[in-house]
Each structure stands twice: as structure tokens, then as C-alpha cells.
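Chain and residue survey
For reference, the chains in residue letters:
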Amino acid sequence: MSAACNEYRVSYEGEDLYADSGLNSIEECIVAATEGLGQDAVAAEVAYQGVISGTYALASLALMSAQIADHALQTTTAIEEVLKP
């Protein structure tokens, strides 16, 4: 993944975590957000370029960050293709 984190956000209870933090990839953002969540967190919402790709259990974010990052990119790309004039 080469997308910059400034187009990406991970949120928990409606609060963005690590959005616009200058990380180099979607996966790095997921990892940073997962590490930054408190023990109360059980899931987080993942979005790329304003397109929500899903809400994932914290364990899934930790174990499958590359796959979730890829899914976020694919979801946004698919929606952009449909919206092209």
C-alpha cells in the first residue's frame, strides 16, 4: 500500500484516530490505531478517502492489517469507478 495516511482514518466511537498523522501507508495507520486503542476498545471503523470500508474487531485489525488495508483501498477504488462521469 502506498496511500498516505492523510487520506485515511481509523475511528473508534466516532472519534478519528491517527487521521492526517503522516504515516506512509494504510496498513501503518491501522497498526498505529490498533496500538493506540485502549483496552476498552473492541472494534474500530476503517475508511479511506472518505469511504468507509468496514468496522473490524480489534483482534482482526491486529492480525489482518494488510488484508484490511487492501480491502479499504479496493472498496474506495470500486466506488470511484462507479462514480466516474
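Just so it is clear, the structure is predicted and the values come from calculations on it, not from any experiment.

Moving on: the confidence of the model for the protein. With 79% of its residues at a pLDDT of at least 70, the protein reaches an overall mean of 80. Taken element by element, the protein is modelled with least confidence in strand 1 (residues 8-12), mean pLDDT 66, and with most confidence in helix 3 (residues 65-83), mean pLDDT 93. For the stretch residues 1-5, pLDDT sits under 50, and the model shows 19 contacts to residues farther than four places along the chain or on other chains.

Applying the stated rule across the entire model yields one salt bridge. The residue Lys84 makes a salt bridge to Glu81 at a minimum N-O spacing of 3.2 Å. Judged by its relative accessible area of 52%, Lys84 is exposed. Classification of Glu81 as partly exposed rests on a relative accessible area of 47%.

Right, let's talk about the packing of helix 1 (residues 26-36) against helix 3 for a bit. Contact pair helix 1 / helix 3: the axes reach a minimum separation of 8 Å and the direction vectors enclose 125 degrees. The orientation of helix 1 with respect to helix 3, classified from their angle, is oblique. With respect to the hand of their crossing, helix 1 and helix 3 are arranged in right-handed fashion. The residues of helix 3 that touch helix 1, namely those facing Ile26, Glu27, Ile30 and Val31, are Ser65, Ala66, Ile68, Ala69 and Leu73. Per-class residue counts for the contact of helix 1 with helix 3 are seven nonpolar, one polar and one charged.

By the secondary structure assignment, Leu61 is in helix 2 (residues 58-63). Looking at Leu61, the relative accessible area reads 2%, which means it is buried. With 18 residues separating them in the primary sequence, Leu61 and Ala43 have C-alpha atoms 8.2 Å apart.

Cut-off values and rules
- Residues numbered from 1 in each chain as written.
- Predicted model: local features only at pLDDT ≥ 70, side-chain atom pairs only at ≥ 80, totals over all residues.
- Heavy atoms only, no water.
- pLDDT = per-residue confidence, 0-100.
- Helix = DSSP H or I, 4+ residues; strand = E, 2+ residues; numbered from the N terminus.
- Contact = heavy atoms within 4.5 Å.
- Salt bridge = Lys/Arg side-chain N within 4 Å of Asp/Glu carboxyl O.
- Buried < 20%, exposed > 50% of the residue type's maximum accessible area, 1.4 Å probe, protein only.
- Axes fitted to C-alpha atoms, helices over the stretch in contact; angles between N-to-C directions.
- Parallel < 35°, antiparallel > 145°, perpendicular 65-115°, else oblique.
- Left-handed = near helix turned anticlockwise from the far one by under 90°.
- Nonpolar A, V, L, I, M, F, W, Y, C, P; charged D, E, K, R; others polar.

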